[in-house]
Amino acid sequence: MAKHAQATWGGRFSQKPADLMLKFSESVSFDRRLARCDIAGSKAHAAMLAHVGLITASERDSIQAGLDAIGSEIAAGRFPWSAQLEDVHMNIEQALTKRVPAAAKLHTARSRNDQVATDMRLYFKAACGEVIQRIDGAQRAILAVASAHAAVLIPGYTHLQRAQPVFLAHHLLAYLEMLQRDAERFDAVADHANWCPLGSGALAGTTLPIDREFTAKALGFVDARGRPRVTQNSMDTVADRDVFVEFATACALVGVHLSRIAEDLILWASQEFRFISLPDAFCTGSSLMPQKKNPDSLELLRGKSARLQGNLQTLLTLTKGLPLTYNRDLQEDKPPVFDSHDQTVLCLEVLAGTFTGLQILEARCAEAVSDPALLATDLADYLVRAGVPFREAHHVVGAVVKLAEGRGRPLNQLSHAEVQPLHPKLGPDWVSAFDLQQAMARRRGTGMPGPVQLRRQFARWKKLLG
Ligand code: ARG
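Residues numbered from 1 in each chain as written. Predicted model: local features only at pLDDT ≥ 70, side-chain atom pairs only at ≥ 80, totals over all residues. Heavy atoms only, no water.

## Let's talk about the packing of aromatic side chains
Scanning all chains against the criterion turns up 11 aromatic pairs. Here F124 and F247 contribute two aromatic rings whose centre-to-centre distance is 5.2 Å and whose plane-to-plane angle is 50°, an arrangement assigned as tilted. Of this pair, F124 sits in helix α6 (residues 112-148) while F247 sits in helix α10 (residues 242-269); the two residues are 123 residues apart in sequence, bridging distant segments of the chain. Taking 5.7 Å as the distance between ring centres and 75° as the angle between the ring planes, the aromatic pair formed by F186 and F247 counts as edge-to-face. Separated by 61 residues along the polypeptide, F186 in helix α7 (residues 168-193) and F247 in helix α10 bring together distant segments of the chain. Among the aromatic side chains, those forming a connected cluster through ring pairs are Y123, F124, F186, F244, F247 and F338. The ring of F13 carries the charged tip of R12 above its face, separated from the ring centre by 5.8 Å. When the ring centre of W461 is taken as origin, the NZ or CZ atom of R460, which lies over that ring, is 4.6 Å away. (Phe/Tyr/Trp six-rings, centres within 6.5 Å; stacked < 30°, edge-to-face > 60°. Helix = DSSP H or I, 4+ residues; strand = E, 2+ residues; numbered from the N terminus. Lys NZ or Arg CZ within 6 Å of the ring centre and 35° of its normal.)

## Comments concerning helix α4 (residues 57-75)
Compared with an ideal rise of 1.5 Å per residue, which puts 19 residues at 27 Å, α4 spans 27 Å between its outermost C-alpha atoms and is within 8% of the ideal. Of all the positions in α4, only E59, I63, Q64, G66, L67, I70, E73 and I74 are classed as buried. Along its buried surface, α4 packs onto α3 (35-51) and α5 (88-99). Just downstream of α4, G77 is the residue with a positive phi angle, here 75°. (Expected span 1.5 Å × (residues − 1). Buried < 20%, exposed > 50% of the residue type's maximum accessible area, 1.4 Å probe, protein only. Contact = heavy atoms within 4.5 Å.)

## Comments concerning the site of the ligand
Close contacts around the ligand come from S27, D31, D87, H89, R112, N113, V116, Y326, Q331 and K334, and that covers them all. Between the ligand and D87, the relevant distance is 2.9 Å, taken from a nitrogen atom to a side-chain nitrogen or oxygen of the residue. The separation between an oxygen atom of the ligand and a polar side-chain atom of Y326 is 2.5 Å. Considering the ligand on its own, with 340 Å² of exposed area, one finds that the protein chains cover 86% of that surface. Taken together, the residues of the shell around the ligand break down into two nonpolar, four polar and four charged. (Near = heavy atom within 4 Å. Polar contact = N/O pair within 3.5 Å; in protein donor to acceptor, adjacent residues only side chain to side chain. Areas by Shrake-Rupley, 256 points an atom, 1.4 Å probe, with all protein chains shown as cover. Nonpolar A, V, L, I, M, F, W, Y, C, P; charged D, E, K, R; others polar.)

## What about the pairing of strand β2 (residues 161-167)?
Sheet topology places strand β1 (residues 153-158) next to β2; six bridges connect them, and they run antiparallel. When the bridges of β2 are listed, P155 appears paired with P165. The hairpin formed by β1 and β2 contains two residues between the paired strands, and H159 there has a positive phi angle of roughly 55°. (Pairing = 2+ DSSP bridges.)

## Let's talk about the nonpolar core
By size, the foremost hydrophobic cluster in this structure holds 128 residues, and its most contacted members are W268 and F355. Looking at this core element by element, the count peaks at 15 residues for α10. Ignoring sequence-local partners within four residues, the contact set of W268 consists of I154, L168, H171, L172, Y175, F273, R274, F275 and I276. (Core = buried A, V, L, I, M, F, W, Y, C linked by side-chain atoms within 4.5 Å.)

Shown next, in the form of C-alpha cells:
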C-alpha cells in the first residue's frame with residue numbers, strides 16, 4: 001500500500017482524503033499560531049518519557065534538539081507548513097520524524113486531544129498576560145489625562161440629562177475601575193488555565209507508566225508554592241472548553257467597557273457638548289463634507305465590541321450539546337478565541353492612543369457645569385441640615401425650580417424675597433447652596449467626587465499602576 005502524506009493516522013485507510021476534505025478539515029492555517037506552545041509541550045513530554053524510562057536520554061536530547069531547530073525555522077518564517085498534514089501538531093511531528101528517528105516515539109502516551117488542550121492552556125496563560133499589559137497601558141493613558149485636568153468640573157449625567165457636578169477626573173477614574181475589574185478577570189482566567197492536561201490521552205489516559213506531575217512542573221503548570229497542578233478527570237480534560245468561554249467572556253466584557261467609554265467620548269466630542277477634541281491621528285474625514293472630523297476610532301471600538309460578543313456566542317453554541325468527549329467540532333474553538341485576543345489587544349491600544357492625544361476644552365466644561373440646576377439636590381440638603389425632612393425638602397426645591405422656570409431665570413438668580421414664601425427655612429444664605437467649590441468639598445465620603453477623595457484616588461491609582 002502506498003504510504004501517503006497522512007502517515008500519522010493513515011494505517012487503517014486505503015484511500016487518501018479528498019482534496020476537498022483536506023481543504024475543509026485543515027486547521028494549520030490558523031492553529032500554526034500555537035507552534036511555540038506545541039513545541040514546549042512536546043519538549044516537556046519527551047523529558048517526561050525519558051524520566052520514566054519510556055525513551056532514552058539520548059532519544060530525548062535528539063527530539064528536543066530537533067524541536068528547537070523546527071522552532072527556529074518557524075520563527076524565521078522558513079517552515080514549510082502543509083495543509084495535507086491537517087494541523088500544527090502533525091506538521092511539527094512529521095517534520096521532526098523526517099530529521100530524528102526517535103521522533104516516532106514522541107507521541108507515546110499522548111493524543112492530539114490532550115496535546116491541543118495543553119497547547120491552548122499554555123496559550124491562554126500568555127494571552128491573559130498580554131491583555132493585562134494592554135489594559136495597564138490604557139489605564140495609564142486615561143490617568144494621565146485625568147491628572148493633567150484634575151481641577152476641571154463637568155456635569156455628571158443620568159438618563160443623559162444633566163444631574164450633578166463631578167470632576168472630569170472622577171468620571172475618568174470610573175473607567176480605571178472598569179478596566180481594573182477586567183484585568184482581575186484575566187488573572188482569574190489565567191489561573192483557571194493553569195492545569196496540565198497531558199496524560200489524559202485521547203480520553204482515557206494510557207496504560208504506560210507516565211508521570212503527569214513531572215510534565216506539569218516542566219511546563220509551569222504549578223501553584224503558588226510550586227506544586228504541580230494536573231487535571232483530575234481525563235474525559236473532562238479533553239472535552240472541556242470552559243477556559244475558552246471564560247477568556248472570550250473577559251474579552252467581551254472589555255469590549256462592553258470600551259464601547260461605553262467610546263460612547264462617552266463620542267458625545268463629548270460632538271458640537272453639542274464640545275467637552276473634548278479628539279486627536280486627528282485617530283479620526284477620519286468625510287469624502288464629501290470638507291468640515292467633518294469623525295470619531296472613527298471610537299465608533300470602531302463600539303463596533304468591535306459586537307464582534308467580541310459574537311465570538312463568545314460562537315463558543316457557547318459550539319460546545320452546547322456536544323457529547324463527551326472530544327468531537328472534531330471543537331477544532332472550531334480556536335478562530336473565535338484568536339480573534340477575540342487580537343481584537344481586544346488592538347482595541348486597548350487604540351483606546352490608549354486616543355486618550356494620549358485627547359484635548360480637554362476646559363472653558364466649555366466650565367460653562368456646562370455652571371448650570372445651577374446641577375445643585376438643586378444641594379439646596380434640598382441645605383434644608384435637611386436645617387431640620388427639614390428630605391421628602392419635604394425635595395418638594396420645596398421642586399417648587400423653587402418651577403418658580404425659576406416660570407420667571408425665565410436660573411435657579412440662583414431668584415431673590416431671597418421670592419423663595420422665602422416657599423419655606424421658612426430658606427434663609428438669607430439659601431443661595432450659598434449653589435457655590436460649586438463648596439458643594440464639591442462637601443462630598444467627602446469614600447467613593448464620592450469631592451477634591452479630598454479625588455486626591456486619595458489619584459494616589460491610589462498612581463500606586464496601583466506603579
Ligand atoms: N486540530 C485538532 C483540533 O484542533 C486537534 C485534535 C484532533 N483530534 C482528533 N481526534 N482528530 O481540535
